[in-house]
Amino acid sequence: MKRRNVRTLSLIIVTFTYLLVGAAIFDALEGPNNEKVKRGLVHIRDKLIKKYDITPNDYQMIEVLMEERKPHKTGPQWKFAGSLYYAFVTLALIGYGHSTPQTKLGKMFTVAYSTIGIPLAMIMFQSIGERMNKGSSVLIQRLRTWLGARQKEATEADLLLSSLFFSMISIAGGTALYSSQEGWSYFESYYYCFITLTTIGFGDFVALQQDRSLTLRPGYVVASFCFLLWGLSAVASSVNLLVLKFMTISLEEEEQGEDELHEMGANVVTLEEEVMAANGRQGGMYVNPLERDDMSLCSCTCYPAPKRRKKKNEVGIISRLLSRLGWTDENNSDGHYYDSETQSISNYTKLAVKRSSF
């Protein structure tokens, strides 16, 4: 099995194992609390129905009204500011779900708009992240030059650390911004920033949804957009570095595999009444099939390596001269046919042994 296939299969197994472990942990953490909240809501519902003598149909209508009221409680969502915010979170793949199109034309336009806009936005974020990495590389190079370091060029680890640093700065700035403007705690603000910049977008916390912020607080809107642009670009720079690293590893493994195949192919000798020379020329030497052939074709590592690997021309000339003079004895060969450098049987050693046996 190829190395890439093994790696892909290993990644699939590890990912699904990670999913199963996460599911078990979330079940243990959130399961009891979910059941507790559900029992509390059912108890409150029964008390309201009994207190105000509400029929089941009327109660379902109240639930529908409360659900439909959520997108409108912070003011009109489909004015220009709200539509701009919706378009941004759509193209950035965040998708909070706090406001969704209700008309058929609106849904159709969302599909067409996202088909063109999402690739465009991804390319833009990747381009900004690449420029951020370039700027970090220049800053690191100048800093090392100023410090007099031997290695002045920025390494991949340096760029990855710098992108993570920018991501942490953006998350810290967003935490301070939303904790002061939305009234959330620092942990809730940090949670919102992380969920947003990783484009998970659960929608349990959504900014710009209180006190008609989209229409009455333009400064806060601009600051929020700047946070999203900077943070998503910083995350894109980290992803860009990881993708480049993965591609580099894949290319190196592919080249290594091609080199190994080329090395193995260069050490193949075909024996079919003729001995094929390693350079492609036919030696034209007939091998008697009845004659005992002691040469091993085993490609395993059971044979010790020769002390000296002779060149092709040297082996051919010396072996022919010794065989003509009758000084070559096939029993003198110690059977060291294995080449430790290529981890295969050497063409030249086998050819010398075969020729010396005539």
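Residues numbered from 1 in each chain as written. Predicted model: local features only at pLDDT ≥ 70, side-chain atom pairs only at ≥ 80, totals over all residues. Heavy atoms only, no water.

*Asks:* Pulling in residues and values, what's your account of empty space enclosed by the protein?
*Replies:* Per the counting criterion, the structure on display carries two cavities of 30 Å³ or more. Here the second largest cavity is characterised by a volume of approximately 40 Å³. (1 Å grid on protein atoms, 1.4 Å probe; cavity = no way out; pocket = protein on both sides within 12 Å on 5 of 7 lines; lining within 4 Å. Points joined across faces, edges and corners; volume = space filled by probe spheres on them.)

*Asks:* How would you explain the packing of aromatic side chains if you had to name every residue and give the values?
*Replies:* The full count for this structure, using the stated rule, is 14 aromatic pairs. Ring geometry for Y96 and Y192: centres 5.9 Å apart, planes at 20 degrees, overall stacked. Taken together, the positions of Y96 in the loop between α3 (80–91) and α4 (104–147) and Y192 in helix α6 (residues 186–197) put the pair 96 residues apart, joining distant regions of the chain. Ring centres 5.5 Å apart and planes at 80 degrees place the aromatic pair Y178 and F227 in the edge-to-face group. (Phe/Tyr/Trp six-rings, centres within 6.5 Å; stacked < 30°, edge-to-face > 60°. Helix = DSSP H or I, 4+ residues; strand = E, 2+ residues; numbered from the N terminus.)

*Asks:* Can you break down the side chain of H98 residue by residue, with the values?
*Replies:* Note on placement: H98 falls in the loop between α3 and α4. Classification of H98 as buried rests on a relative accessible area of 17%. Side-chain polar atoms of H98 contact the side chain of S99, separated by 3.4 Å. (Buried < 20%, exposed > 50% of the residue type's maximum accessible area, 1.4 Å probe, protein only. Polar contact = N/O pair within 3.5 Å; in protein donor to acceptor, adjacent residues only side chain to side chain.)

*Asks:* Would you mind going over the packing of helix α5 (residues 156–181) against α6 in detail, with residue names and values included?
*Replies:* Packed helices, taken two at a time, are described by the angle between their axes plus the distance between the axes. Close contact between α5 and α6 brings their axes to 8 Å; oriented N to C, the two are set at 130 degrees. In terms of orientation, α5 lies oblique with respect to α6. Our pair here, α5 against α6, has a crossing hand that is right-handed. Facing α5, whose interface residues are S170, I171, G174, T175, Y178 and S179, α6 presents Y186, S189, Y190, Y192, C193 and L197. Broken down by class, the residue content of the contact of α5 with α6 amounts to seven nonpolar, five polar and no charged. (Axes fitted to C-alpha atoms, helices over the stretch in contact; angles between N-to-C directions. Parallel < 35°, antiparallel > 145°, perpendicular 65-115°, else oblique. Left-handed = near helix turned anticlockwise from the far one by under 90°. Contact = heavy atoms within 4.5 Å. Nonpolar A, V, L, I, M, F, W, Y, C, P; charged D, E, K, R; others polar.)

*Asks:* How would you summarise a nonpolar patch on the surface if you had to cite specific residues and measurements?
*Replies:* On the surface, a cluster of nonpolar side chains totalling about 410 Å² of accessible area is made up of Y190, F194, I200 and F202. By the element assignment, F202 lies in the loop between α6 and α7 (213–216). We classify F202 as exposed; its relative accessible area is 53%. (Patch = residues over 30% accessible without salt bridge, like charges linked within 9 Å, V, L, I, M, F, W, Y side chains within 5 Å. Areas by Shrake-Rupley, 256 points an atom, 1.4 Å probe, with all protein chains shown as cover. Salt bridge = Lys/Arg side-chain N within 4 Å of Asp/Glu carboxyl O.)

*Asks:* Explain the pattern of salt bridges to me, and be specific about the residues and the numbers.
*Replies:* Under the definition given, this model contains three salt bridges. Put simply, R144 and D158 hold a salt bridge, and the shortest N to O gap is 2.6 Å. Taken together, the residues R144 in helix α4 and D158 in helix α5 connect sequence positions 14 residues apart. Residue R144 shares its accessibility class with D158, and that shared class is buried.

*Asks:* So, α4: which residues are in play, and what are the values?
*Replies:* Its 44 residues give α4 an end-to-end C-alpha distance of 62 Å, which sits within 8% of 64 Å, the value for a rise of 1.5 Å per residue. Most pronounced at S114, the bend in α4 amounts to some 35 degrees. Every buried residue of α4 is listed here: T110, S114, G117, A121, F125, G129, M132, N133, S136, S137, I140 and R144. The positive-phi residue at the C-terminal boundary of α4 is G148, with phi of around 75 degrees. (Expected span 1.5 Å × (residues − 1). Bend = angle between axes of the 7 residues up to and from the residue.)

*Asks:* Tell me about the nonpolar core, residues and numbers included.
*Replies:* Core analysis: the largest hydrophobic core is formed by 27 residues, its most contacted members being Y85, Y178, Y192 and A207. If you list the elements that add at least two residues to this core, you get α3, α4, α5, α6 and α8 (218–266). A per-element tally of this core places α8 first, with seven residues. Not counting residues up to four positions away in its chain, the partners in contact with Y178 are G183, W184, S189, Y192, C193, A207, Y220, S224 and F227. (Core = buried A, V, L, I, M, F, W, Y, C linked by side-chain atoms within 4.5 Å.)

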